[in-house]
Amino acid sequence: MPCVADWLNNPFSIVQGIFAQNLPNSDWEKKVTDYFKEKLKENNATNWVPSLNDVPVHYLKPNSLVKFRCMVQDMFDPEFYMGVYETVDPNTNARVLHFGKYRDVAECGPQQEIDLNSSQTVTLERQTRHKRSYEEDEDMELHPSKQKEQHIGSGGDIHGCGEPKRLETEASAGHHLISPNCSPPLDLNFPLPGEKGPACLVKVYESWDSYKVNDVLEVYGILSVDPVLSIVNNEERDNSTLDPMECMDTAEEQRVHSPPASLVPRIHVILAQKLQHINPLLPACLNEEESKTFVSNFMSELSPVRAELLGFLTHAFLGDSLAAEYLILHLISTVYARRDVLPLGKFTVNLSGCPRNSIFTEHIYRIIQQLVPASYRLQMTIENMNHSRFIPHKDYTANRLVSGVLQLASNTSLVVDETQLEQGQLDTTGVHNVKALGNLITWQKVDYDFSYHQMEFPCNINVLITSEGRSLLPSDCQVHLQPQIIPPNMEEYMNSLLTAVLPSVLNKFRIYLSLLRLLDYSISDEVTKAVEEDFVEMRKNDPESITADDLHRTLLVARFLSLSAGQTTLSRERWLRAKQLEALRKARLQQQKCVNGNEL
C-alpha cells in the first residue's frame, strides 16, 4: 500500500505501478489521474503538497508532486513525445516497456537502449503553457498565503511566473536573469514593471482547450528540473547552426521556449482546475456541501462586517462616508454577462477631488491592496504613458506573446492614479496606451497586437481612477471626495489606520468582498415593473437631467447595494436607497460645478 511519502515524494513510483498493472490496456492514464484525485480529497491532503508559489524551487525535491497557482500568460505550439516506448538490452535482447508521460527526457536502465523503431512505441501530443505565479501583493503581510497572478504559455506547455515568499534573495530584481547557458540574459516576460518570481512551463496532457490565456489555474503535477534539459537544448542550438534542416525553430525561439530548468522549471500536470476566485480564505469551489456551510455561516454575520468595513473606509477617505459607500460597491462589482459587445456589471469609479501630488492616493491604493487578492497601481505620468508597454504583442521571431501591463487576470483591481499627470506631449505610443485604457474601461477588452491583425481578449478588471478634477478617461460613475478631516500628518494617519485593524477583521473584509462577487442576483417581475413606473415618474418631474444612462447606473448601484447586504434580489428599500445615494452624489458634483464654474 503506497504511503504519503510515495505519492508526494516519488509520484513516478505510483505511475509506474499503475502502468505495469494495466498493460496492454490504454486506460492506465485515467487511473493515474483518478488515483491522485482521490488522494487529494483526503483531509487536508492539498496542504501537504508543497507550493511552488511559496517555496523556492531549489528547496523542492525534483520529480516530486507540487502545486502551482498561476495565470496563463502564453501558449506555445504543441509538442510530440513518446507516450510509451520500448528499451532493449543489446546483450540479452530483453525488452522493457516504459511510459514517457510526465517526463521531459526518456529514461532507460543501464545497458539498455531505446528502440525507436519498435512497434510498441506510441507517439502522443501535449500542450505547453507559459505561466507565472499568482500571489498576493507584497504589502499584504496580514493576509496568509494570498496569491498573485501567473502566466501560462501556449500549447501543451504553460509558462507561468510567480513571486514566492523566498527565504533568500532573488537572483535578479528585474525581468532578466542571467543564465550560465544563455546569452543575452533570459527575459521572463513579466507583464508588470519590477515584477519577479517563479516562471514555469506547464505541460498539459488533457483538456488543454479549456485553458485560455489569462485564466488563473491551480495545477498539481510532477516537478521537472532536470539539468539535462539545459544541456540538450544547448546541443540542439549548436547543432542547428551546422544543419538548419535539423531544426526549424530559430535560435531565439529555442532560447525562449527551452530556458534552463533551474530558472524556469517544468511541471507535468496530473490535475488542474480553473479557479472560480483567487482568494485563499474562501473554499476553492463554493458548490460543494462543506463550502455551502461556510458561506451560510459567513452570511449570517454579514451586516456587522459591512458596517465595520464602511467605517474603516470612511476613515481612509478622511471622514467621507459617501465615497466609502461607493468604493464598497466598486470592489464587489464584476462583469456577470455580455450583451453583444456590452459588458454588464462593470462599475468603474472616478474618485475626483484627490489632492494633487499627495501621498493620499498612494495610501488609498495600499488599503485596497490589503483588501483584494490582486491589484496594480498605474501612475498615469507622461513618462509611463509614452514608454510603458500596455498592450501584449506577438513576437514572431521568438514565437511568443510579449506581455504588457494590461495583461491582467480576471477581477484584478487596477488603480489608475491620474493625480500624477503633468503637462507634456503624448507620443504615438502614449496615445495608443490611453486609447487601450479607455477600451479596457468601456468595453472590458484588450486588443492584443498580432502585427497583421488585432485579437480581442475579453477581461474583467475593476478600474478605480483617482484624479484632481474629472478624469480624462471614461468612467461609469464620478464621486467627488469631500474630506471631513485634514490630518496634520497623512503618512502617520494612514499607517495608524491599517495598524489598528486586527488581522481577523481584515480577513473578514477580504472574504466579504470576494464572496459577494460570486453571488447570483435577480430582479422579480413585480420589482421590475415598480422600477419602470418610478423611472417614468422621475422623467416627468425632471425630463432634462434624467436619462437612460441614469437608470442604468441606478440599477447598477441598486444591484451592488443589495449584494453588499447579502440580498440576491432587489427590494423596494434597496431601490430607494440607491436613488438616495445617486442624488447625494449628483448634488456634490453640481455643488462643485457651481464653485469652480465648470464641471469636474
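Refer to the preceding data block for the structure.
The following refers to the structure shown. (Residues numbered from 1 in each chain as written. Predicted model: local features only at pLDDT ≥ 70, side-chain atom pairs only at ≥ 80, totals over all residues. Heavy atoms only, no water.)

1. Quick word on the layout of surface pockets
- If you add up the space inside the largest pocket, you get close to 1400 Å³.
- Mapped onto the lining of the largest pocket, the elements with two or more residues apiece are helix H3 (28-41), helix H4 (45-48), strand E1 (65-75), strand E10 (216-224), strand E11 (266-274) and helix H7 (289-300).
- Considering every element that reaches the lining of the largest pocket, the biggest residue donor is E11, with five residues.
- Here the residues of the lining of the largest pocket sort into 18 nonpolar, 14 polar and ten charged. (1 Å grid on protein atoms, 1.4 Å probe; cavity = no way out; pocket = protein on both sides within 12 Å on 5 of 7 lines; lining within 4 Å. Points joined across faces, edges and corners; volume = space filled by probe spheres on them. Helix = DSSP H or I, 4+ residues; strand = E, 2+ residues; numbered from the N terminus. Nonpolar A, V, L, I, M, F, W, Y, C, P; charged D, E, K, R; others polar.)

2. With respect to the sheet that holds strand E22 (residues 477-480)
- If you trace the five strands from one edge of the open sheet to the other, you get E15-E18-E21-E14-E22, paired in parallel fashion. What marks the edges here is a single partner per strand, and that holds for strand E15 (375-379) and E22. Shown here is a sheet whose adjacent strand axes are inclined to one another by a mean of 20°, direction ignored.
- The sheet contact formed by strand E14 (residues 349-352) and E22 spans four bridges and is parallel. Each residue of the ladder has a partner; that of serine 352, found in E22, is histidine 480.
- Set on the sheet, helix H9 (residues 321-331) makes contact with E14, strand E18 (413-417), strand E21 (462-466) and E22; between it and E21 the angle comes to about 150°. (Pairing = 2+ DSSP bridges. Axes fitted to C-alpha atoms, helices over the stretch in contact; angles between N-to-C directions. Contact = heavy atoms within 4.5 Å.)

3. What to know about the pattern of salt bridges
- Summed over all chains, the structure comprises 29 salt bridges.
- A salt bridge links aspartate 215 to lysine 274; the shortest N-O distance between them is 3.3 Å. Here the residue aspartate 215 occupies a position in the loop between strand E9 (199-204) and E10, and lysine 274 occupies one in strand E11, the gap between them amounting to 59 residues.
- By relative accessible area, which is 16% here, aspartate 215 ends up buried.
- You can call lysine 274 partly exposed: its relative accessible area is 45%.
- The salt bridge involving lysine 586 is made with aspartate 550; its shortest N-O contact spans 2.8 Å. In this pair, lysine 586 is assigned in helix H17 (residues 572-596) and aspartate 550 in helix H16 (residues 548-564), connecting sequence segments 36 residues apart.
- Using a relative accessible area of 30% as the deciding quantity, one classes lysine 586 as partly exposed.
- Beyond isolated ion pairs, a larger network of salt bridges with shared partners links Asp550, Arg553, Glu582, Arg585 and Lys586. (Salt bridge = Lys/Arg side-chain N within 4 Å of Asp/Glu carboxyl O. Buried < 20%, exposed > 50% of the residue type's maximum accessible area, 1.4 Å probe, protein only.)

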